[in-house]
Amino acid sequence: MTDAGQRRNFYGRIKGKTLRASQKGYLAEDLGPLTLRGVTREENPSRSALDMGFAKGPLWLEVGFGGGEHLVHMAARHPEVTLIGAEPFVNGVAMLLGKIRGAGVTNLWLHPGDVRDLFDVLPDACLSKVFLNYPDPWPKARHHRRRFVTPEYLLPLARVTAPGAEFRVATDIPDYVRQTLEEVPEAGFSLVAQTGAGEAWEDWIPTRYEQKALREGRQPHYLTFRRRAPEF
Ligand SMILES: C[S@@+](CC[C@H](N)C(=O)[O-])C[C@H]1O[C@@H](n2cnc3c(N)ncnc32)[C@H](O)[C@@H]1O
């Protein structure tokens, strides 16, 4: 049984410092039209599958897009693709909306909340690429089970990714690399590449967290996985 009917624990931040007037305007005007309907429990208590009419071409997902620089960059760089971004931190969502206006991209949809709620309602095997950039590190050993690279997140991710789909993970935390290499293959993905500083994907742009990591002397790690065909 999934815990689709239950409230989930979310340990991250939902709100940060006071939003600028312009950001409040983006949230008031742009968030509604760009938000996927039928993701939250309030809108979809039976957790039925989303109407995928919004998706034109391949469907990609970014988990925890932060300020949205990578997500908007990908949307502009790949106009033939539909992108979804999931991010519960309202200040990040407001930053993304400003960047969407600036870039004028129209192939991007949002779930301004926990990605697990989105996983509940996505159809099987609908995603062909997924980005996890600088996920929350949860450095204390007793908090490692809160990381994205645990079965609670990875098994639903595996269900909604198509065989052959790419799953990219960027992190600056060596112990996060360790756990990713242990847990992601268990969930049905094979490692295809593991690189470091200066060897990111050809369409990569450094995110805010990567820039912070580099300033503070930590090194990026880039891991690429491919979804295996399910075994029967
Ligand atoms: C360390 S920040 C990195 C942000 C951005 N990807 C970057 O590289 O600058 C991790 C982000 O993941 C988001 N996050 C944490 N748990 C999440 C969840 N369950 N669903 C979606 N996003 C989540 C956080 O709100 C936060 O913005």
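Keep in mind that what you see is a predicted model, and the values were worked out from it rather than measured.

Participant: I'm lost on the overall build of the protein in this one. Help?
Facilitator: Helix and strand counts for the protein stand at 7 helices and 7 strands. Moving toward the C terminus, one meets the helices and strands of the protein in the order α-β-α-β-α-β-α-β-α-β-α-β-α-β. Expected size for 232 residues packed as a compact globule is a radius of gyration near 17 Å; at 17 Å, the protein falls within 12% of this value. Along the three orthogonal principal directions, the C-alpha set of the protein runs to about 45 × 40 × 40 Å. Burial status across the protein gives 36% buried among its 232 residues. Put simply, of all contacts in the protein between residues at least 6 apart along the chain, 81% involve residues at least 24 apart.

Participant: It is not clear to me how helix α2 (residues 69–77) should be interpreted in this structure. Could you clarify?
Facilitator: Those residues of α2 that sit buried are His 70, Leu 71, Val 72, Met 74 and Ala 75. Those residues of α2 that are buried are in contact with β1 (59–63), β2 (82–86), α3 (90–103), β3 (108–111) and β4 (127–133).

Participant: Explanation requested: the UniProt feature "binding site: S-adenosyl-L-methionine" (unreviewed entry) in the protein in the structure shown.
Facilitator: Per the UniProt record, the feature "binding site: S-adenosyl-L-methionine" (unreviewed entry) sits at Glu 62, Glu 87, Asp 114 and Asp 136. A maximum C-alpha distance of 14.0 Å among these annotated residues, which run over 75 residues, shows that they cluster at one spot. Locating Glu 87 in the fold gives a position in the loop between β2 and α3. In this structure Glu 87 touches Gly 64, Phe 65, Gly 66, Gly 92, Val 93 and Pro 112, once residues within four positions along its chain are discounted. Take Asp 114: it is sitting in the loop between β3 and α4 (115–121). With near-sequence residues (within four places) excluded, Asp 114 lies in contact with Arg 8, Phe 10 and Pro 88.

Participant: Teacher, can you tell me more about the site of the ligand here?
Facilitator: Taken together, 21 residues are adjacent to the ligand, and Gly 64, Gly 66, Tyr 134, Thr 207 and Tyr 209 come closest. Only α4 and α7 (208–215) provide two or more residues apiece to the shell around the ligand. Across the shell around the ligand, the residue classes tally to 9 nonpolar, 6 polar and 6 charged.

Participant: Whenever I open this one, the sheet that holds strand β6 (residues 189–196) confuses me. Can you help?
Facilitator: Two modes of strand pairing occur in sheets, parallel and antiparallel, and in both the strands are linked by backbone hydrogen bonds. Pairing is mixed across the open sheet formed by 7 strands, whose spatial order is β3-β2-β1-β4-β5-β7-β6. The sheet is open, and its two edges are formed by β3 and β6, each paired on a single side. Neighbour-to-neighbour, the strand axes of the sheet open up by a mean angle of 15°, direction not taken into account.

Participant: Please clarify how the packing of α2 against α3 should be interpreted in this entry.
Facilitator: To describe two helices that pack against each other, one gives the angle between their axes and the distance between the axes. One way to put it is that α2 packs onto α3 with a least axis distance of 9 Å and a crossing angle of 25°. The angle between α2 and α3 places the two elements in the roughly parallel class. The two elements α2 and α3 meet at a crossing, and its hand is right-handed. Contacts between α2 and α3 involve Glu 69, Leu 71, Val 72 and Ala 76 from the former and Leu 96, Lys 99, Ile 100 and Ala 103 from the latter. Along the lines of polarity and charge, the residues of the contact of α2 with α3 split into 6 nonpolar, no polar and 2 charged.

Participant: When you look at the environment of Cys 126 in this model, what are you seeing that I'm missing?
Facilitator: By secondary structure assignment, the location of Cys 126 is in the loop between α4 and β4. Exposure remark for Cys 126: the 19 C-beta atoms within 10 Å place this residue in the partly exposed category. Separated by 112 residues in the primary sequence, Cys 126 and Ile 14 place their C-alpha atoms 28 Å from one another. Beyond its immediate chain neighbours, meaning those up to four positions away, Cys 126 contacts Met 52, Leu 59 and Val 160.

Conventions we followed
Residues numbered from 1 in each chain as written. Predicted model: local features only at pLDDT ≥ 70, side-chain atom pairs only at ≥ 80, totals over all residues. Helix = DSSP H or I, 4+ residues; strand = E, 2+ residues; numbered from the N terminus. Rg over C-alpha atoms; globule rule 2.2 N^0.38 Å. Buried ≥ 20, exposed ≤ 12 C-beta atoms within 10 Å, placed from the backbone. Contact = placed C-beta atoms within 7 Å. UniProt positions renumbered as here; feature names shortened; annotations may be inferred. Near = placed C-beta within 6 Å. Nonpolar A, V, L, I, M, F, W, Y, C, P; charged D, E, K, R; others polar. Pairing = 2+ DSSP bridges. Axes fitted to C-alpha atoms, helices over the stretch in contact; angles between N-to-C directions. Parallel < 35°, antiparallel > 145°, perpendicular 65-115°, else oblique. Left-handed = near helix turned anticlockwise from the far one by under 90°.

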